[in-house]
Amino acid sequence: MIQTNKNTSTLFTTLMLVMCTVLFSSFKTSPKPPIAGEPIKLGFIPLTDCSPIVMAKELGLFKKYGVEVIVTKETSWANVRDKILTGELDGAHCLYTMPFSVYTGVGGKAGSEMKIAMMLNVNGQAITLSNDFCGKVGFKQMNKVTPVVAAKLKAEKEVTFAMTFPGGTHDLWLRNWMSLAGLNQKAVKIITIPPPQMVANMKVGNMDGYCVGEPWGGVAVKQGIGFTQIASQDIWKDHPEKALVVNKEFSETRREDLKKVMKAILEACIWLDNPANRKKAAAIIGKAPYVNAPADVIEARLMGDYNLGCNQGTEVYDKDYMLFYKGGTVNYPRKSYAIWAMAQFVRFGYLKEEPNYKAIADKLILQDLYEEVAKSMKIKIPTDDMKPFSLTMDKTVFNPNNPSAYLKVVKK
């Protein structure tokens, strides 16, 4: 019979625990390979523009196209990023700029690949300011922002704005807003907060303003804690916003299933762009399993009816509210928009050198796949990709074939 003393037994137990921890960690971080026939897992963040994925599920469109899809509510964009990269999620409703932010090392491990299959929506984000600014800065009064911030800095030493992910769309709209207002981004503090937590954080005074998607701009107004200073479509009408972003291996090994998922989501986008369906959509996505926000706030801003707060009345958006289809012009994943986003990373100091714009766009955007799906559904494919364009407020021309020229003249 072998005798062991107490110290030996303790050492053995400790070693076993260490080995189990190492093994568990390796299993946790290793990419999960997609398996044919398994349910497809799509994540979403509680925002109004998750509607195409949620409604494709609720309307039975995934089943119609022969795929079983599980939709899961995620806590933050960083969480979505990690789960797509590891394969825990096959895809998700995602900031369209995230794959480029992650690949270039701005918002993740450089070289990590997340693929854009299609776009989900345009417009529908907003800059919300706290009531401290009420009566001092009005709706779209860009010339008043910097003097009020300067006075607040002098009195309180710090002014804080929030966005949702470094290099994400909300980050870029916030920084473009600052540029348009003549506000030095280095003069203020910029923090990252998940979308559903924006209102609660403003309520307790953690930030002076934030940029996020609806309904969290409208909810701040409803709760009387802030007001809409500007909508993102005022900065850039019909700007790209969310995309269906997928795991690299999933896009390669389950291509046919991905096409079916895209068809279902495209049909949901068409359904959502019918104004008669938006009340029903608002009631569904407002429920706790999805956005968990008042349906009346979601519906109003989905219909382009913006109560601005701060006794500013209402702004009605007719043709430039949140759109999901617009004859197919919304859903085409343009490489020019990817190049624009990466140029912003350079413009605002995230990247010291310009990346290989086109090579990255070519690598991460599944444009051929989208065209195949669109053609099968007789959806028109836009022909404006890689042509010069400018934003609604910033008239600096951006030529995707020569982003360096744009960076030399655009206001920082």
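Draft legend 1. Representation of the overall build of the chain in the model. The helix and strand tally for the chain stands at 18 helices and twelve strands. Computed over C-alpha atoms, the radius of gyration of the chain comes to 23 Å, within 12% of the 22 Å expected from 2.2 N^0.38 for 412 residues, which places it in the range of a compact globule. Principal-axis analysis of the C-alpha atoms gives the chain an extent of 85 × 55 × 45 Å. Counting only residues that meet the buried cut, the chain has 57% of its 412 residues in that class. Across the chain, every contact between residues at least 6 apart in sequence was considered, and the portion connecting residues at least 24 apart equals 77%. With an accessible surface of roughly 17,500 Å², the chain has 55% of that area assigned to carbon and sulfur atoms. Here the chain carries 52 positive and 39 negative side-chain charges, and the mean point of each set is 2 Å from the other.

Draft legend 2. Examining the side chain of S101 more closely. Tracing the chain through its elements places S101 in helix α5 (residues 98-103). If near-sequence neighbours (up to four positions away) are discounted, S101 is found in contact with V106, G107, G108, F165, P166, G167 and F345.

Draft legend 3. Summary view of the side chain of S76. As for its placement among the helices and strands, S76 is situated in the loop between β2 (69-73) and α4 (77-86). A relative accessible area of 17% places S76 in the buried class. In contact with S76, other than residues within four places in its own chain, are I45 and P194.

Draft legend 4. Looking closely at unusual backbone geometry. Cis geometry is adopted by the peptide bond preceding P215, which originates at E214 and carries an omega value of 15°. Structurally, the position occupied by P215 is in the loop between β8 (209-213) and α9 (216-222). Of note, K140 is a non-glycine position whose phi angle comes to about 60°, a positive value. Here K140 lies in the loop between β5 (125-130) and α6 (145-156). Exposure remark for K140: the relative accessible area of 34% places this residue in the partly exposed category.

Draft legend 5. Representation of the packing of helix α13 (residues 278-285) against helix α14 (residues 295-302) in the model. Contact geometry of α13 with α14 gives a least axis separation of 8 Å together with a crossing angle of 140°. In the crossing of α13 with α14, the sense of the turn from one axis to the other is right-handed. Residue-level inspection shows R278, K279, A282, A283 and I285 of α13 in contact with α14, the latter providing A295, I298, E299 and L302.

Draft legend 6. Focus on the sheet that holds strand β7 (residues 189-192). Pairing is mixed in the open sheet, where five strands are placed in the order β7-β6-β8-β5-β9. Each edge of the sheet is formed by a strand with only one pairing partner; in this case those strands are β7 and β9 (226-231). Going from strand to strand, the sheet's axes swing by 25° on average, the running direction of each strand aside. Relative to β8, strand β6 (residues 160-163) runs parallel, the two being bridged by two bridges. Directly across from A162, in β8, lies its bridge partner Y210.

Draft legend 7. Looking closely at the packing of aromatic side chains. One pass over the full model with this rule turns up 13 aromatic pairs. Through pairs of rings, three or more aromatic residues link up here, namely W173, W236, Y337, W340, F389, F398 and Y406. Lying across the ring of Y321, R278 places its NZ or CZ 5.0 Å from the centre.

Draft legend 8. Spotlight on helix α17 (residues 367-376). Taken as a whole, α17 has its buried residues at Q367, L369, Y370, E371, V373 and A374. Tucked into the core, α17 has its buried residues touching β4 (114-119), α12 (255-272) and α15 (335-347). Phi for K378, located one or two positions after α17, is positive at around 60°.

Draft legend 9. Here's a closer look at the confidence of the model for the chain. Summarising the model, the chain shows a mean pLDDT of 93, and 92% of its residues fall at 70 or more. Note that residues 1-29 has pLDDT below 50 and, in this model, one contact with residues that lie over four places away or in other chains.

Draft legend 10. Examining the nonpolar core more closely. Formed by 130 residues in total, the largest nonpolar core has its most connected members in F100, F161, W177, L244, I265 and W340. Of all the elements, α12 adds the most residues to this core, at ten residues. Setting aside its immediate chain neighbours within four residues, F100 contacts I116, A338, M342, F345, I360, A361, L364 and I365.

Draft legend 11. Examining the environment of T314 more closely. Structurally, T314 can be placed in strand β12 (residues 314-316). Look at T314 and you get partly exposed, because its relative accessible area is 47%. With ten residues separating them in the primary sequence, T314 and G304 have C-alpha atoms 9.9 Å apart. Apart from residues lying up to four places away in sequence, T314 is in contact with D305, Y306 and N307.

Draft legend 12. The arrangement of helix α16 (residues 357-364) in detail. Here α16 has its buried residues at Y357, I360, A361 and L364. With its buried residues spanning 100° around the axis, α16 presents them on a single face. At its buried positions, α16 is contacted by α5, β4, α15 and α18 (403-409).

Rules used in this analysis
Residues numbered from 1 in each chain as written. Predicted model: local features only at pLDDT ≥ 70, side-chain atom pairs only at ≥ 80, totals over all residues. Heavy atoms only, no water. Helix = DSSP H or I, 4+ residues; strand = E, 2+ residues; numbered from the N terminus. Rg over C-alpha atoms; globule rule 2.2 N^0.38 Å. Buried < 20%, exposed > 50% of the residue type's maximum accessible area, 1.4 Å probe, protein only. Contact = heavy atoms within 4.5 Å. Areas by Shrake-Rupley, 256 points an atom, 1.4 Å probe, with all protein chains shown as cover. Lys, Arg positive; Asp, Glu negative; His and termini not counted. Charge placed at Lys NZ, Arg CZ, Asp CG, Glu CD. Axes fitted to C-alpha atoms, helices over the stretch in contact; angles between N-to-C directions. Left-handed = near helix turned anticlockwise from the far one by under 90°. Pairing = 2+ DSSP bridges. Phe/Tyr/Trp six-rings, centres within 6.5 Å; stacked < 30°, edge-to-face > 60°. Lys NZ or Arg CZ within 6 Å of the ring centre and 35° of its normal. pLDDT = per-residue confidence, 0-100. Core = buried A, V, L, I, M, F, W, Y, C linked by side-chain atoms within 4.5 Å. Arc of directions from axis to C-beta.

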